[in-house]
Amino acid sequence: MDRVQQREIIEFIISRREEFQNKLLSEAVEVAPKINDILQSGNIDLLKNAEKLVTYVVERKENELISFAKQEGVAWAEHSLTLTLKLEWVHAIRRTVWHYLLKYDQLNTPVVSISDYRSMIYEMEMQINDGIDKFLNSFFIRYSSYKDELISSQRKIVEHLSAPIIPISHQIAVLPLIGLIDVYRMDTIEEKILMDISNLKIRTLIMDLSGITDMDIEVIHQFQRVMSGVSLMGCEAVITGLRPELVRKMIHLDISFNEYASTKGTLQQTLADYLNANLI
């Protein structure tokens with residue numbers, strides 16, 4: 001299609017906007033009843049966006065098409081709209097566009113040879129399908145990446161909340177660790193410890209491990225490096241509540257925290273000792 005023909009097709013569809021939209025809604029059986037809900041919940045005007053998509057595809061505005069697809073991907077991911085609805089809607093747009101291209105063709109059949117006419121139809125089919133497929137591909141990639149970013153961000157928030165550093169005086173703080181500690185969580189703990197030591201001016205950090213039954217070898221080594229980092233920050237590290245299972249594993253691995261931290265039996269007794277020492 002040349003530019004003149006592209007513009008004629010767009011004008012042909014826009015001049016029949018209401019008819020086009022009704023046809024589109026009839027093609028999208030599952031989406032049609034949810035049009036208003038999607039508009040209200042996500043401020044996404046499906047009918048207006050369908051017209052924009054058709055314009056970009058017919059006029060071969062690839063950059064605008066891909067940018068629009070990414071924008072749509074974020075919008076649908078933000079409002080947790082299902083991909084099945086989007087897929088049905090875009091395929092309905094594809095069928096509706098072809099319906100109106102056929103109507104346009106019937107009214108504007110060019111005087112050319114049969115072979116040229118078939119070639120023109122083939123080129124038009126390739127252009128429309130390729131454009132819509134590019135839209136879907138860019139949409140799904142951006143939808144997926146946005147969801148991954150959101151999950152990662154939420155996980156990081158949860159991990160930060162699961163490593164609460166609790167100041168109990170102007171220089172002493174407690175970090176109770178509970179549950180499974182994997183490499184990812186240890187990275188978060190390391191970042192939080194070093195930042196909070198600096199921000200809160202902590203001189204003594206008491207880490208209670210009574211809520212942890214086990215650590216794998218890599219995590220134990222990583223925890224040892226965290227202790228080294230605490231020491232480099234000029235902070236005294238105190239470990240309490242080491243479980244027998246964890247101590248046994250450390251003995252077998254010939255690993256000790258003694259170089260960077262002191263160890264105490266229970267958190268309660270350690271707190272009593274440090275608080276009394278600060279009161280004297």
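In what follows, the structure referred to is the one given above.
Keep in mind that this is a model prediction, so the values were computed, not measured.

Undergrad: Explanation requested: the packing of aromatic side chains in the structure shown.
TA: Aromatic ring pairs are defined here through the distance separating the ring centres and the angle between the ring planes. Evaluation of the coordinates by the stated rule reveals nine aromatic pairs. Look at Phe20 and Tyr100: their rings are 5.4 Å apart centre to centre, the planes differ by 50 degrees, and that puts the pair in the tilted class. Of this pair, Phe20 sits in helix α2 (residues 17-27) while Tyr100 sits in helix α6 (residues 83-107), and the two are 80 residues apart along the sequence. Relative accessible area serves as the criterion here: at 6%, Phe20 is assigned to the buried category.

Undergrad: Before we go on, may I ask you to explain helix α1 (residues 3-14) in this structure?
TA: Each full turn of the α-helix corresponds to 3.6 residues, which orients residues three or four apart in the same direction. Relative to the 16 Å expected for 12 residues at 1.5 Å per residue, α1 spans 16 Å between its end C-alpha atoms, a close match to the ideal helical length. Buried residues of α1: Gln5, Gln6, Ile9, Ile10, Phe12 and Ile13, and no others. Taken around the axis of α1, the buried residues stretch over an arc of 160 degrees, which confines them to a single face. For α1, the exposed residues set more than 90 degrees away from the buried face come down to Arg3 and Val4.

Undergrad: When you look at the sheet that holds strand β3 (residues 204-211) in this model, what are you seeing that I'm missing?
TA: One key point about sheets: their strands pair by backbone hydrogen bonds, in either a parallel or an antiparallel sense. With mixed pairing, five strands are arranged side by side in an open sheet as β1-β2-β3-β4-β5. Unpaired on one side and paired on the other, β1 (166-167) and β5 (261-264) mark the two borders of the sheet. With respect to the sheet, helix α8 (residues 183-200) is in contact with β1, β2 (172-178) and β3, its orientation differing from that of β2 by roughly 170 degrees. Here helix α9 (residues 217-232) sits on the sheet and contacts β2, β3, β4 (236-240) and β5; the angle it forms with β4, its principal contact strand, is near 145 degrees.

Undergrad: Explain the pattern of salt bridges here, please?
TA: Under the definition given, this model contains 12 salt bridges. Of the charged contacts, one joins Lys134 and Glu62 as a salt bridge, the two residues approaching to 3.0 Å between their closest N and O atoms. Pair noted here: Lys134 is in helix α7 (residues 114-161) and Glu62 is in helix α5 (residues 62-78), with a separation of 72 residues, a long-range link. A relative accessible area of 28% means that Lys134 is categorised as partly exposed. Taking the shortest distance from any N to any O, the salt bridge between Lys192 and Asp196 comes out at 3.5 Å. Note that Lys192 and Asp196 are positioned in helix α8 at a spacing of four residues, about one turn of the helix. Judged by its relative accessible area of 14%, Asp196 falls in the buried class.

Undergrad: I tried to follow a nonpolar patch on the surface on my own but got confused; where do I start?
TA: A cluster of nonpolar side chains, contributed by Ile166, Ile168 and Leu275, occupies part of the molecular surface with about 200 Å² of accessible area. Assessed through its relative accessible area of 33%, Leu275 is described here as partly exposed.

Undergrad: Even after reading the chapter, I still don't get the packing of helix α4 (residues 46-58) against α6, so can you show me in this structure?
TA: Relative to each other, α4 and α6 sit at 55 degrees, their axes nearing to 11 Å. When the axes of α4 and α6 are compared, the pair comes out oblique. Here α4 runs over α6; the crossing is right-handed. In this structure, α4 uses Leu46, Leu47, Ala50, Leu53 and Val54 to contact α6, whose residues at the interface are Trp89, Ile93 and Val97. Looking at the contact of α4 with α6 residue by residue, the class counts come to eight nonpolar, no polar and no charged.

Calculation rules
Residues numbered from 1 in each chain as written. Predicted model: local features only at pLDDT ≥ 70, side-chain atom pairs only at ≥ 80, totals over all residues. Heavy atoms only, no water. Phe/Tyr/Trp six-rings, centres within 6.5 Å; stacked < 30°, edge-to-face > 60°. Helix = DSSP H or I, 4+ residues; strand = E, 2+ residues; numbered from the N terminus. Buried < 20%, exposed > 50% of the residue type's maximum accessible area, 1.4 Å probe, protein only. Expected span 1.5 Å × (residues − 1). Arc of directions from axis to C-beta. Pairing = 2+ DSSP bridges. Contact = heavy atoms within 4.5 Å. Axes fitted to C-alpha atoms, helices over the stretch in contact; angles between N-to-C directions. Salt bridge = Lys/Arg side-chain N within 4 Å of Asp/Glu carboxyl O. Patch = residues over 30% accessible without salt bridge, like charges linked within 9 Å, V, L, I, M, F, W, Y side chains within 5 Å. Areas by Shrake-Rupley, 256 points an atom, 1.4 Å probe, with all protein chains shown as cover. Parallel < 35°, antiparallel > 145°, perpendicular 65-115°, else oblique. Left-handed = near helix turned anticlockwise from the far one by under 90°. Nonpolar A, V, L, I, M, F, W, Y, C, P; charged D, E, K, R; others polar.

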